[in-house]
Amino acid sequence: MDRGPATQAESARLGPLSPPHLSIVVLPFANLSGDPEQDYFVDGVTESLTTDLSRISGSFVIGRPPAFTYKGRAVDLKQIGRELNIRYVLEVQCSGARSGFG
């Protein structure tokens, strides 16, 4: 559908849409342990957290495919927010599993 000149002018005046109030992406967790077997674990934690956050009423959570495009890359968190039009970026680094509790 072709937008008329009035609609295009109004869009230009309003600028880019602001991100939804509760909008977030969970970046793939960084495995700092050096153990490649931990990659499966950290990816699973990332996916679980993304799923759990998406269950919050009124939330907008970026899904796995766009989030995982940032895996293993040095990223500017503000740039990610602009690219995905979100307010929050969750970045977690895991250095290894702990054995036992206490």
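Residues numbered from 1 in each chain as written. Predicted model: local features only at pLDDT ≥ 70, side-chain atom pairs only at ≥ 80, totals over all residues. Heavy atoms only, no water.

Engineer: When you look at the overall build of the protein chain in this model, what are you seeing that I'm missing?
Structural biologist: Within the protein chain one finds four helices and five strands. The order of helices and strands in the protein chain, counted from the N terminus, is α-β-β-α-β-α-α-β-β. Within the span of the protein chain, comprising 102 residues, buried residues form 24% of the whole. The long-range fraction of contacts in the protein chain, counting pairs at least 24 apart against all pairs at least 6 apart in sequence, stands at 67%. (Helix = DSSP H or I, 4+ residues; strand = E, 2+ residues; numbered from the N terminus. Buried < 20%, exposed > 50% of the residue type's maximum accessible area, 1.4 Å probe, protein only. Contact = heavy atoms within 4.5 Å.)

Engineer: Help me out: how do you make sense of the environment of valine 42 in this one?
Structural biologist: You can see valine 42 is positioned in helix H2 (residues 38-54). When its relative accessible area of 2% is taken as the criterion, valine 42 is described as buried. Distance in space between the C-alpha atoms of valine 42 and phenylalanine 29 is 5.7 Å, their sequence separation being 13 residues.

Engineer: Looking at this structure, how should I read a nonpolar patch on the surface?
Structural biologist: A contiguous nonpolar surface patch, about 260 Å² in accessible area, is contributed by Leu22, Ile56 and Tyr88. Tracing the backbone through its elements, the reader meets leucine 22 in the loop between helix H1 (5-14) and strand S1 (23-26). Given a relative accessible area of 32%, leucine 22 falls into the partly exposed group. (Patch = residues over 30% accessible without salt bridge, like charges linked within 9 Å, V, L, I, M, F, W, Y side chains within 5 Å. Areas by Shrake-Rupley, 256 points an atom, 1.4 Å probe, with all protein chains shown as cover. Salt bridge = Lys/Arg side-chain N within 4 Å of Asp/Glu carboxyl O.)

Engineer: What is the right way to look at the sheet that holds strand S4 (residues 88-90) in this model?
Structural biologist: Hydrogen bonds between backbone groups are what pair the strands of a sheet, and the pairing can be parallel or antiparallel. Read from one edge to the other, the open sheet built from three strands follows the order S3-S1-S4, with strand pairing classed as parallel. With partners counted over all chains shown, the strands left at the sheet margins are strand S3 (60-61) and S4, one partner each. Of the strand pairs in this sheet, S1 and S3 are connected by two bridges, and their pairing is parallel. If you follow serine 23 over to S3, its bridge partner there is phenylalanine 60. Along the sheet, H2 contacts S1, S3 and S4; its crossing angle with S1, the most-contacted strand, is approximately 165°. (Pairing = 2+ DSSP bridges. Axes fitted to C-alpha atoms, helices over the stretch in contact; angles between N-to-C directions.)

Engineer: What is the right way to look at the pattern of salt bridges in this model?
Structural biologist: Two side chains with opposite charge may pair up if their charged atoms get near one another. Counted according to the given criterion, the structure contains three salt bridges. The residue lysine 71 makes a salt bridge to aspartate 43 at a minimum N-O spacing of 2.7 Å. Note that lysine 71 is positioned in the loop between helix H3 (64-68) and helix H4 (77-84) and aspartate 43 in helix H2, a separation of 28 residues in sequence.

Engineer: Just checking my understanding: could you explain the confidence of the model for the protein chain for this structure?
Structural biologist: In this model, the protein chain carries an average pLDDT of 79, and 75% of its residues clear a pLDDT of 70 or more. Taken as a whole, residues 1-14 scores under 50 in pLDDT and shows three contacts with residues more than four places along the chain or in a different chain. (pLDDT = per-residue confidence, 0-100.)

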